[in-house]
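Letter by letter, the chains look like this.
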Amino acid sequence: MSYADTALPVSLDRDAATPLAVQLADALREAAAGGHLRGGDRLPSTRALAERLGVSRTVTSAAYEQLHAEGWIAGRHGSGTYVTTPPTRAAASVTVPGSLLAEPEPSPVLDLTPGAPWAGGLDRAAWRRAWRAAADPEPLTRAHRAGLPEYRATVSEHLLRHRGLAAGSVLATGGTTAAVVELAAAVLRRGAVVAFEEPGYQRAVQAFRQAGLTVVGVPVDEEGLRPDAIPAGARAVYCSPAHQYPMGSRMSAARRVQLVERARAEGMLVIEDDYDGELRFDVAPLPMLAALAPDVVVHLGTTSKILTPTLGAGWLVAPAAVADSVLAYRDLTGTRPSPAGQRVLVELARTGDLGRHLRKLRREMAERRTVLVAALSNAGIPFVGDDAGAHLVVPTESAEAEAQLIAAAEKHSIRLDGLARHFAGTPTMHGIALGYAGCSREALMAAVPTLVDLLR
């Protein structure tokens, strides 16, 4: 559709205090959001629109520049200016066959399980700009087995600035679980013993088991994983020292030293999942294990928690021999991490939008945690977990109480997560892992009174 096919819904008030360019941008933005303008519609030139509205071209140019910066419109060389954002409310007018409407829509469920990112906090204009910029380079003819060089450089800078790690060999990955799959297949031999936090990240447990490895649980407490409980002969140990998933403890400095010393003495590989590593609210994070012992530690990171799983982008920092084994595995299998998400992260970092988002993310999660902690404390409800991350744990007396809480919350359209599913063996602790990132602040605040009543 061209602009000649429809009248633009624009009315400018020259007596209003709002500048004409702002009025014009608001009107066009509302037309795109409401469905009057659709994605792909061609807009008139700034000159033609200025003549039509009886304003100067400066007004129309300023309005277009603002909409372009926000991602609502885009220019095509030699073709004109087009709406880029599809309508959001117009979809309601689409005719749907009656058979598809036979079942009523389920009521919205507030998902308070941990592990979800604060996707609603992403600056949508910055998000769209990054994707457009990521599409500018020529399509690749061959994928980079280690990841795009610019992505690996961006990750190195990010780790140095935000986590204090001077990374050596950085490889792109498809995320934490994808990296575990590669390590299990490329570095560890079938039948080898892998020590694992209990409770812990069960997707990684299953990845190790699928590779023919034997997983042995190691207990955690308020200081994190217990190195003294790692079985003799273990080939590797998997841990989340920054913010243990799901119990929320931070591995103490003494245990970090104990762990890396034992790894060096016994030839054991330490796999460090930097879960919630960027989200520390009370004090600066302790140095990463990879910074203490880069010769025996593999560091894993991902954009899934700080941004969104949409990117499918993560990283691995490893000793040279481990990195070489992973690359050889990729050569044999033809697997490569997708470069699309890598390019988007590079753009977000280049423009400073990544740093701005991380600062906003830390403030938001700290404020949400403060509200939850205050509500639980005022009600006399105990909880555990360091002042960090995007979840905390409310213990229960039994497995039955844990299950009853989850079922009761479902009746209020609230989804909770029990500790039972985070054990590879028989659960030895019971409780609710309460996440507070994957929903809007308004929905979370509205649910707090009901949560307190349920947990009390």
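Per chain, the residues get numbers from 1 upward, laid out in the order the sequence is written. It should be noted that, the model being predicted, local features are given only for residues of pLDDT at least 70 and side-chain atom pairs only at 80 or more, the latter also being counted only at that level, while totals for whole chains, interfaces and linings use all residues. The basis for every side-chain value is the complete set of non-hydrogen atoms in the structure, without hydrogens or water.

J.: Is there a simple way to think about the overall build of the protein in this case?
T.: A count of helical and extended segments in the protein gives 14 helices and 16 strands. Across its three principal axes, the protein shows a C-alpha extent of roughly 80 × 55 × 50 Å. Note on exposure labels: buried denotes an accessible area under 20% of the residue type's maximum, exposed denotes more than 50%, and partly exposed covers the range between, all computed with a 1.4 Å probe on protein chains only. For the protein, the residues scored as buried account for 48% of the 456 residues in total. Residues count as neighbours in contact if any of their non-hydrogen atoms are within 4.5 Å of one another. In the protein, the proportion of contacts linking residues at least 24 apart, taken out of those at least 6 apart, comes to 72%. Element-wise, carbon and sulfur atoms account for 53% of the exposed surface of the protein, whose accessible area totals about 21,100 Å². Residues scored as positive are Lys and Arg, those scored as negative are Asp and Glu, and His as well as the terminal groups of each chain are ignored. Charge placement uses NZ in Lys and CZ in Arg. For Asp and Glu, CG and CD serve respectively. The protein carries 47 positive and 48 negative side-chain charges, and their two centres are separated by 5 Å. Secondary structure follows DSSP: runs of H or I at least 4 residues long count as helices, runs of E at least 2 residues long count as strands, and numbering of each begins at the N terminus. Under the convention used here, a 1.4 Å probe and the Shrake-Rupley method define accessible areas, while residue burial counts only the protein chains that appear.

J.: Would you mind showing me how to read the nonpolar core here?
T.: Among soluble globular proteins, nonpolar side chains are generally buried collectively. Counting residues in each nonpolar core, the largest one holds 80 residues, and the members touching the most others are Leu112, Tyr151, Ile230 and Met365. Once residues lying within four places of it in the same chain are set aside, the contact partners of leucine 112 are Ile414, Arg415, Leu416, Ala433, Leu434, Gly435, Cys439, Leu444 and Leu451. Side-chain atoms within 4.5 Å are what join buried Ala, Val, Leu, Ile, Met, Phe, Trp, Tyr and Cys residues into a set we call a nonpolar core. Counting residues in hydrophobic clusters, the runner-up holds 33 residues, among them Val187, Tyr238, Leu300 and Leu327.

J.: Mind showing me how you'd approach the sheet that holds strand β11 (residues 297-302) here?
T.: Strand-to-strand pairing in sheets goes through backbone hydrogen bonds, with the strands running parallel or antiparallel. At least two DSSP bridges between two strands are required for those strands to pair. Taking strand neighbours across the sheet as the criterion, the 8 strands line up as β5-β12-β11-β10-β9-β6-β7-β8 in an open arrangement whose pairing is mixed. Edge positions in the sheet fall to β5 (169-173) and β8 (224-225), since each has one partner strand and no second. For strand β6 (residues 193-198) and strand β7 (residues 214-221), the ladder comprises 6 bridges, and the chain directions are parallel. If you follow glutamate 198 over to β7, its bridge partner there is proline 219. Comment: axis = line fitted to C-alpha atoms, over the contacting stretch for helices; angle = value between 0 and 180 degrees taken between N-to-C directions. Helix α6 (residues 176-186) rests against β5, β9 (236-239), β10 (269-273), β11 and β12 (314-318) of the sheet, and its axis sits at about 150° to β11. Each of β6, β7, β9 and β10 touches helix α7 (residues 202-210); the most contacted strand, β6, lies at about 165° to it.

J.: Sorry, what's going on with the pairing of β7 here?
T.: Here is the key point about a regular strand: its side chains alternate between the two faces of the sheet. As for the winding sense of the linkage, the β-α-β connection from β6 through α7 to β7 is right-handed. Pairing between β7 and β8: 2 bridges, direction antiparallel. Within β8, the position partnered with aspartate 221 by the bridge is glycine 224. Taken together, β7 and the strand that follows it, β8, pair antiparallel across an intervening segment of 2 residues. We call a crossover right-handed when, viewed with both strands directed away from the observer, the connection leading from the first strand over the helix to the second proceeds clockwise.

J.: What is the right way to look at the side chain of histidine 391 in this model?
T.: By the secondary structure assignment, histidine 391 is in strand β13 (residues 391-395). As used in this structure description, the phrase polar contact means that two N or O atoms lie within 3.5 Å; if the pair is within protein, one of them must be able to donate a hydrogen and the other to accept it, and residues adjacent in sequence are counted only when both atoms belong to side chains. A distance of 2.7 Å separates a polar atom in the side chain of histidine 391 from the backbone oxygen of proline 246. With residues up to four places along the chain from it excluded, the contact list for histidine 391 reads Pro114, His243, Gln244, Tyr245, Pro246, Met247, Gly248, Tyr275, Asp276, Leu434, Gly435 and Tyr436.

J.: I would appreciate a short explanation of unusual backbone geometry in the present structure.
T.: Peptide bonds are, in most cases, trans, and in most cases residues other than glycine have a negative phi. Geometrically, the link from glutamate 198 to proline 199 is a cis peptide bond, its omega value of 5° lying close to zero. Counting through the fold element by element, proline 199 comes out in the loop between β6 and α7. A cis amide bond links tyrosine 245 with the next residue in sequence, proline 246, at an omega value of 15°. Within the element layout of this structure, proline 246 appears in the loop between β9 and α8 (253-266). Although it is not a glycine, aspartate 276 sits at a positive phi angle of roughly 60°. Mapped onto the elements, aspartate 276 comes out in the loop between β10 and α9 (289-292).

J.: Any chance you could explain helix α11 (residues 339-350) here in plain terms?
T.: Working note: α-helix, 3.6 residues per turn, so residues spaced by three or four point in the same direction. The span one expects for a helix is its residue count, reduced by one, times 1.5 Å. An ideal rise of 1.5 Å per residue puts 16 Å on 12 residues; α11 measures up with 16 Å between its terminal C-alpha atoms. Those residues of α11 lying buried are Gly341, Gln342, Arg343, Val344, Leu345, Val346, Glu347 and Leu348. Tucked inside the fold, the buried residues of α11 contact α4 (124-134), α5 (149-163), β5 and α12 (353-378). Glycine 352 lies just past α11 and shows a positive phi near 85°.

J.: Looking at this structure, I do not really get the packing of aromatic side chains. What am I missing?
T.: Note on aromatic pairs: each is described by the distance of the centres and the angle between the planes. Between 30 and 60 degrees the pair is tilted, below 30 it is stacked and above 60 it is edge-to-face, where a pair is any two Phe, Tyr or Trp rings, Trp via its six-membered ring, whose centres lie within 6.5 Å. Taken as a whole and assessed by the stated rule, the structure comprises 6 aromatic pairs. Between the aromatic rings of tryptophan 127 and tryptophan 131, the centroid separation amounts to 5.8 Å while the plane-to-plane angle is 75°, which identifies the pairing as edge-to-face. With tryptophan 127 and tryptophan 131 both in helix α4, this residue pair falls 4 residues apart, about one helical turn. Exposure remark for tryptophan 127: the relative accessible area of 14% places this residue in the buried category. Ring centres 4.7 Å apart and planes at 10° place the aromatic pair phenylalanine 196 and tyrosine 238 in the stacked group. One end of the pair, phenylalanine 196, is in strand β6; the other, tyrosine 238, is in strand β9, and 42 residues separate them in sequence. Side by side, phenylalanine 196 and tyrosine 238 carry an identical accessibility label, which is buried. Aromatic ring contacts, followed pair by pair, group Phe196, Phe208 and Tyr238 into a single cluster.

J.: Quick question: what am I supposed to make of the pairing of β11 here?
T.: Of all 6 residues in β11, 6 are buried; the element is thus mostly enclosed. Looking at chain direction, β10 and β11 are connected through 4 bridges and run parallel. Bridge assignment links aspartate 273 to a residue of β11, and that residue is leucine 300. As paired strands, β11 and β12 are joined by 4 bridges and run antiparallel to one another. Across the sheet, threonine 302 pairs through a bridge with glycine 314, a residue of β12.

J.: Honestly, the packing of α6 against α7 in this entry has me stumped. Any pointers?
T.: As a packed pair, α6 and α7 sit with axes 9 Å apart at the nearest point and diverge in direction by 25°. Classed by the angle they form, the pair α6 and α7 counts as roughly parallel. For the pair α6 and α7, the sense of crossing is right-handed. Touching Thr177, Val180, Val181 and Ala184 of α6 are Arg203, Ala204, Ala207 and Phe208, all from α7. Basically, the charged four are Asp, Glu, Lys and Arg, the nonpolar ten are Ala, Val, Leu, Ile, Met, Phe, Trp, Tyr, Cys and Pro, and anything else, Gly included, counts as polar. For the contact of α6 with α7, the per-class residue count stands at 6 nonpolar, 1 polar and 1 charged. For this classification, under 35 degrees means roughly parallel, over 145 means roughly antiparallel, 65 to 115 means roughly perpendicular, and everything else is oblique. By definition, any crossing whose near helix is turned counterclockwise from its far helix by less than a right angle is left-handed, and any crossing with a clockwise turn is right-handed.

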